[in-house]
Amino acid sequence: MLKQTKLLLFLYVILSYGYLSAQVKGYIKDAQDQSALEYATVALYSVDSTLVSGVVTDENGYFFIEHPNDGDYYLDASFIGYQSKKFSPIQVRSARALDVGTIFLNSGQMALQEVVVQTERNTVNNRIDKQVFETKKFRNALGGSAAAILKNLPSVSVNGLGEISVRGTTGFVVLLNGQPVQGNAATLLNQLPANAVEQIEVITAPSAKYDPEGKAGILNIITKKGSNLGDFAQINIKGGFPSIENYGNAEDAHRYGIDATYNIQREKWNVSLGANYQRHDLAGRREGDVYTILNETRTQFPSDGERSFDEENYSGRFTVDFTPDTINTFSVGFYAGKRSKDRTADIVYFDNHAISTAEGGTRNYTFQYFNKNLRIRKSDFVLGSMDYTHQFKNTSKLAASFLYEYTLLGGPTTNRNLGYPDTTILYQDEYNTNDNPLNGYRFQLDYALNPWGLGQLELGYQYRMLDHKGDFIYERRTEPTASFELVPEFSSEVDLKRTIHAGYLQFTGQRAQWEYAVGVRIETMDRRFDLRDKLGVIDTTYTYDFVKPFPSASLQYTFKNRIKVKAAYSKRIERTTTFKMNPFPEREHSETLEQGDPTLTPEFIDLVELGVSKNLGKGNSIFATSYYRKVKNVVNRVNTIYNDTILNRIYSNVGDARSLGLELGAQIKPTEKWSNFIGFNVYDYQIDGSFDGEKIATNSTVFSLNTNSTYAFTDTASLQFTFNYLSAKNTAQGEDSEFFAPNLSFRKSFLDNRLVATLQWQNIDLGLLNTNEQRITIFRPGAFFTTTNYVYEVDMVLLNLSYSFNKRKNKSRFIESEFGKREF
């Protein structure tokens, strides 16, 4: 036993030799509110004022200087807008970790004015585990939503249907200030005002401390923060000019909105109040052609008509933070509101006909009709949260949080087939509606410590429970005066209950030029899906559960010439929603049904990436990241024939998929007034599997390009041009055409930057391009073919006005939906 103890001690000394060399560490914080100062500079000088080493602080204000020689030194801490501070004496001795504690900096107006003229943050900052983008660089998005910012990032693309993809997939998770948001990402991003966003972190290979959900990783939305005590009030107003083209829509599009924030910050209190109202309509049309081959008859039904959206949401929220001392913080939050999105699809089927497929076949009939379709999606929601953090004297930290959400999802769809041109004739009148109350709970406990000065060890536990019920009613009539009758095959009741328990262990550290992180998350999930029809014939329960590890690792090395090289691995999961599991069809419009699969299994993903970046100085930088993503049990929406004039879209696990890609980004600043950011992503996507007895083997190469060019005429006036392009791509059963959108904005500030006006010209076309237009084609040889060209509004002009009642930065912090938005 003694020999074993000596051996372990010997191995510990050998392995720890490099770690137990001299170290200097500590924190940099604001002197007034004790908030951490990220990107603060800490320089170590010898007593003769010779610079020895320098670092910048992380998001927690933490700094770490390794391997200085024995001797006497002093520290110089500085940050933009703050008075620099010297900390001395520092006596460094070998095999000693010196903790200088917390250095507090006081704000200094003169220092801020001097530095602002000379320096500027890069658009992107590359770190070991993420890319951090400064949103103020994307001025075309101001007055809009967070989604308008996202489409400028290299990893992100938006197609003609408004679907947001990261590295080619819509499977990603959104965090708000580091807190999970399990709701529908697109809905959240379209609701959150761009004016409230400070940074966006793109975490493509997340560590074990994060929830493992999301094929493409995580987008962390960081809202604006401030550093001074006092009050802050801001109001933002958006107004859209009349549409230049309304595409023959029955109603004009309206675009306007207002949001306001009031923040009160005292020594121990931080109170945030907010309210917003947004109306954002989009005019458009669609032209399509479909044919099916069934029972030796080819039925074709070309169409043309309106496809527009009316979107409206309003909400109110508040958050209260109480910090009684330097080690404890209590927070409560509340958020409630309503949102709705109406999609109008009034389509004329002008040459519906059937022809025999036999040689010399004749036309059996010709028929035309008008389909009046309105789909309304609504969501009423209430959320509440409580959070607590405790900072121990040894710098370890304990955090606990609880969130509850209630959301009532629903909304009817009306589908009326009328005569044409005599629309008083009624062939079929269908009405389907649903009520989907959702209850979600989340509890999380996290603990972080720095044992032996070797790095940060984090461990935690999370509990999540989702209870989502659905009552789907489908009714039909064929006479205007008749009563609606229930259609049993389209009506159902569902109840999804999902419980997740997870624990994680994560270690992060730094040694000389090396940064590293390794961790594992163990998750157990139990899913119960109850399904019933309205006649009491079907009453089935589907269950699914697992216990799985989700490991992660990352490594980065920084060369002296400021080149960074990194590698990362992350195991992920993409869970299924209630909508994708309901096998009872839902009538989307005249020619389409949609249904799910109650036996759907989650997608399991392996992510690997290699990257290199270099800061070239003077506002110039470049980065490149190659990535590989393998997906098991990939879920795709595939099509089958329901009858001669209706296609059925089904969500199904069709097999496995892989993506191999390269992401490039560069910030180029040729002159002091002209700055450019270019992002490019190209990947090869392959699916191998089968559906309905037929093999699926598709392969396509897809690329996207996002550019942003800004020219500053003066300190208060600038012009910005952006261009977003997505190439054509093959899908499981067809092809999506290319999609692009150029935009221009002019920004001017007044009244010492209190009033900012931004004039935007979105989706520039001038009748010369095919802007904001995309064709979706799906086919199955010998069975069906469908192609639809979606044409949405171009040459939209908007004016955004933002007024701040004082110059203190916004310290507001709000909670967001975690469960309901995903289903919405």
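Definitions and cut-offs
Residues numbered from 1 in each chain as written. Predicted model: local features only at pLDDT ≥ 70, side-chain atom pairs only at ≥ 80, totals over all residues. Heavy atoms only, no water. Helix = DSSP H or I, 4+ residues; strand = E, 2+ residues; numbered from the N terminus. Buried < 20%, exposed > 50% of the residue type's maximum accessible area, 1.4 Å probe, protein only. Contact = heavy atoms within 4.5 Å. Areas by Shrake-Rupley, 256 points an atom, 1.4 Å probe, with all protein chains shown as cover. Pairing = 2+ DSSP bridges. Axes fitted to C-alpha atoms, helices over the stretch in contact; angles between N-to-C directions. Salt bridge = Lys/Arg side-chain N within 4 Å of Asp/Glu carboxyl O. 1 Å grid on protein atoms, 1.4 Å probe; cavity = no way out; pocket = protein on both sides within 12 Å on 5 of 7 lines; lining within 4 Å. Points joined across faces, edges and corners; volume = space filled by probe spheres on them. Nonpolar A, V, L, I, M, F, W, Y, C, P; charged D, E, K, R; others polar. Phe/Tyr/Trp six-rings, centres within 6.5 Å; stacked < 30°, edge-to-face > 60°. Core = buried A, V, L, I, M, F, W, Y, C linked by side-chain atoms within 4.5 Å.

Now for the overall build of the protein. A count of helices and strands for the protein gives five helices and 47 strands. By residue count, 52% of the 824 residues in the protein fall in the buried class. Restricting to contacts in the protein with at least 6 residues of sequence separation, those with at least 24 account for 68%. Accessible area of the protein: about 36300 Å², with a carbon and sulfur share of 57%.

Right, let's get into the sheet that holds strand β5 (residues 71–78). Spatially, four strands are ordered β3-β2-β5-β6 in an open sheet, and the strand pairing comes out antiparallel. Edge strands, defined here as strands with exactly one partner in the open sheet, are β3 (51–56) and β6 (85–92). Sheet twist, expressed as the average angle between the axes of neighbouring strands with direction ignored, equals 20°. In the sheet, β5 pairs with β6 via six bridges, with the strands oriented antiparallel. The partner of D76 across the bridge, within β6, is K86.

For T326, the location among the structural elements is in the loop between β21 (303–322) and β22 (328–356). Using a relative accessible area of 63% as the deciding quantity, one classes T326 as exposed. In this structure the C-alpha to C-alpha distance between T326 and S35, which are 291 residues apart in sequence, comes to 10.0 Å.

Next up on the list: the pattern of salt bridges. What the rule picks out here adds up to 34 salt bridges. Two residues, E793 and R255, come together in a salt bridge whose shortest N-O distance is 2.9 Å. Of the two residues, E793 sits in the loop between β46 (784–792) and β47 (796–804) while R255 sits in strand β17 (residues 255–265), which places them 538 residues apart along the sequence. Assigned by exposure class, E793 and R255 land together as buried.

Let us look at the layout of surface pockets. The space that makes up the second largest pocket amounts to roughly 310 Å³. Forming the walls of the second largest pocket are 24 residues, and the residues nearest its centre are E251, T344, D346, K372 and L374. Broken down by secondary-structure element, the contributors of at least two residues to the lining of the second largest pocket are β21, β22, β23 (363–391), β25 (413–419) and β26 (426–449). No other element matches β21, which puts four residues into the lining of the second largest pocket. Residue classes in the lining of the second largest pocket are distributed as eight nonpolar, five polar and eleven charged.

Time to look at the packing of aromatic side chains. By the definition in use, this model includes 31 aromatic pairs. Look at Y404 and Y441: their rings are 5.1 Å apart centre to centre, the planes differ by 45°, and that puts the pair in the tilted class. Of this pair, Y404 sits in strand β24 (residues 397–410) while Y441 sits in strand β26, and the two are 37 residues apart along the sequence. Given the relative accessible area of 28%, Y404 is considered partly exposed.

The next subject is the nonpolar core. Within the largest apolar cluster, 21 residues are counted, with the highest numbers of intra-cluster contacts made by V24, I28, F63, L75, I90, V100 and L105. Tallying contributions element by element places strand β7 (residues 97–105) first for this core, with four residues. For I90, the residues in contact, after removing those within four places along its chain, are V24, G71, D72, Y73, Y74, L75, L98 and V100. Residues F133, L153, I200 and L219 belong to the second largest nonpolar core, which totals 17 residues.

Time to look at the environment of G596. Topologically, G596 is positioned in the loop between β34 (592–595) and β35 (603–617). G596 gets classed as buried once you look at its relative accessible area, which sits at 4%. Distance from G596 to S652, taken between C-alpha atoms, is 7.3 Å for residues 56 residues apart in sequence. If near-sequence neighbours (up to four positions away) are discounted, G596 is found in contact with F579, K580, M581, N582, P583 and Y651.

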